Every structure is written in structure tokens, then in C-alpha cells.
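Fold and geometry: a report
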Amino acid sequence: MTGSMSKDSSVEWFGVAPPDLTLVSRVRGDDWVYTYLRTFYEDSSKQYGVNNLVYPGAAMPNVLAALQGNQQLTCKQVPIIANNGGEKRDNSGNPVTKEKCGFLNVEEGTGSLNQEEFDELIYDLTNFLTYVGDPDKVERERIGWYVVFFFIIFTTLSSLLYREYQKDYH
Ligand code: HEM
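Quick caveat: nothing in here was measured; it's all calculated off a predicted structure. (Residues numbered from 1 in each chain as written. Predicted model: local features only at pLDDT ≥ 70, side-chain atom pairs only at ≥ 80, totals over all residues. Heavy atoms only, no water.)

1. Things to note about the overall build of the protein
The helix and strand inventory of the protein stands at six helices and four strands. Its helices and strands taken in sequence order, the protein reads α-α-α-β-β-α-β-β-α-α from the N to the C terminus. Whereas a compact globule of 170 residues would reach a radius of gyration of roughly 15 Å, the protein reaches 27 Å, over 25% beyond that. Along the three orthogonal principal directions, the C-alpha set of the protein runs to about 85 × 60 × 25 Å. Out of the 170 residues in the protein, the part that is buried amounts to 19%. Counting only contacts in the protein whose residues sit at least 6 apart along the sequence, the fraction spanning at least 24 positions is 55%. Of the side-chain charges in the protein, 15 are positive and 23 negative, and the distance between the mean point of each set is 9 Å. (Helix = DSSP H or I, 4+ residues; strand = E, 2+ residues; numbered from the N terminus. Rg over C-alpha atoms; globule rule 2.2 N^0.38 Å. Buried < 20%, exposed > 50% of the residue type's maximum accessible area, 1.4 Å probe, protein only. Contact = heavy atoms within 4.5 Å. Lys, Arg positive; Asp, Glu negative; His and termini not counted. Charge placed at Lys NZ, Arg CZ, Asp CG, Glu CD.)

Below, the structure is given as C-alpha cells:
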């Protein structure tokens, strides 16, 4: 893939040039790419107002924000787990909770896609990046079946031949 942005301009604008995305899924893994593209969140301390959960301090702007909407890091009250594995409760039987932060939440109505559609888009995008990282894989898998088939036939014929040879000794 050839990008239209020059390396020098990118360094000037973002402080770093984007790596070759053709190989990103092979270097980082497809699950990393999938999660990376879904976990941009608002962070006003950053140059482009966004940060990333799996790649903290990423220089890339959130180019998919219009589709996903404004995603923020939020805190939630979560139940405390007791020693017996169940939810801890107070004397009146109400669950005891504690505040836990680091949850992602998309502000409703701010993106043109809903959560499911956006996830599907990222799934397709990740699949595409995985494909371009190793386009021959599909062909290798196809040929692989012929190789397996060949070995099955070859092994069968060899063992039949072996049995024939054995007859001469007995
Ligand atoms: C849908 C389009 C895009 C996809 C799928 C994408 C994907 C990625 C991925 C997977 C990385 C992490 C690579 C790594 O470090 O291993 C990355 C980094 C980066 N991307 Fe994008 N990108 C897109 C669009 C853009 C655009 C439009 C820009 C700038 C105008 C941009 C700028 C950057 C920069 C500067 C980095 C380096 C981040 C750093 O190392 O801190 N990206 N991109």
C-alpha cells in the first residue's frame, strides 16, 4: 500500500511517520490491530485530543471518530467479590460496590454508526490489513490440501509395496 502522505510531512504534523500498514498485522497481530482501532478515547492532554488504550500516547488522530462517535474513558460502580466467589453484601443484603475506572463508553448519537456496525467495519478493515500482510496465505492453504492428499496416497501405496516386499522374506 502506498500512502499519499510524505514521511517528512507526517513527522512535522504528528511527530512520527506512520509505519508500513502492509505489515502491521504480522508485526502486531490482528487482534491488536482490531482492538487498537476500537479503543481511541477523548484525552484533552494530547495533541489531537485523543489517546489509545492499547497504544498509549499514539500519535495517530482518531480518523474514525465520525463513524464511531465520541468515546470516553469512564468509571463505574462494580460489585466487590467476596471470598466465597459471590457478590459481597452488607447487613441489609445490598451489594457492596467500589468505583472502577477504565471503561470505554461511546456518547450516544455522536457517531453515524451504532456499536455493532462500527465493530463490523473494524472487523472488515482488520481482515483487509491481515490479507495484505500475507496475500499468498489463501493460495498456500489451497495448495496445502493437495499436498496432504498426495501424502495420503503416497503413504498408502508405499505401505502396500512394503507388504508385497515382505512376502518375499516369508
Ligand atoms: C482507516 C485508516 C487508518 C488505519 C486503518 C490506520 C491504522 C494504523 C495502525 C494499525 C497504526 C499502528 C501501527 C503501529 O505502530 O504498529 C497506525 C499508526 C499511525 N497512524 Fe494510522 N491508520 C489510519 C489512518 C491514519 C491517518 C489518516 C493518519 C494521519 C493523517 C494516520 C496517522 C498515523 C500515525 C502518525 C501513526 C503512528 C502512531 C505512533 O506511532 O505513535 N493514520 N495507524
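2. Some thoughts on the environment of Phe-151
If you trace the backbone, Phe-151 turns up in helix H6 (residues 137-169). Spatially, the C-alpha atom of Phe-151 lies 50 Å from that of Gln-68, the residues being 83 residues apart in sequence.

3. Re the nonpolar core
Within the largest apolar cluster, 13 residues are counted, with the highest numbers of intra-cluster contacts made by Val-33, Tyr-36, Leu-37, Ile-122 and Leu-129. Those elements giving two or more residues to this core turn out to be helix H3 (30-38) and helix H5 (115-133). (Core = buried A, V, L, I, M, F, W, Y, C linked by side-chain atoms within 4.5 Å.)

4. Quick notes on the coordination of the iron atom of the ligand
Exactly one donor from the protein chain reaches the iron atom of the ligand: Met-60 (SD), at 2.2 Å. Along the polypeptide, Met-60 turns up in the loop between strand E2 (50-52) and helix H4 (65-68). (Donors = N, O, S within 2.8 Å, 3.2 Å for Na, K, Ca; no water.)

5. So, the side chain of Gln-68
For Gln-68, the location among the structural elements is in helix H4. In terms of polar contacts, Gln-68 uses its side chain to reach the backbone carbonyl oxygen of Arg-38, at 3.3 Å. A distance of 3.4 Å separates a polar atom in the side chain of Gln-68 from a polar atom in the side chain of Gln-71. Non-local contacts of Gln-68, meaning those with residues more than four positions away in its chain, are made with Arg-38, Phe-40, Asn-62, Val-106, Gly-111, Leu-113 and Phe-118. (Polar contact = N/O pair within 3.5 Å; in protein donor to acceptor, adjacent residues only side chain to side chain.)

6. Remarks on the site of the ligand
Neighbouring the ligand are 16 residues; Arg-28, Tyr-36, Tyr-55, Ala-59 and Met-60 lie closest to it. Measuring from an oxygen atom of the ligand, one finds a side-chain N or O atom of Arg-28 at 2.7 Å. Within the backbone of Ala-59, one N or O atom sits 2.8 Å away from an oxygen atom of the ligand. Its residues assigned to classes, the shell around the ligand comprises 15 nonpolar, no polar and one charged. (Near = heavy atom within 4 Å. Nonpolar A, V, L, I, M, F, W, Y, C, P; charged D, E, K, R; others polar.)

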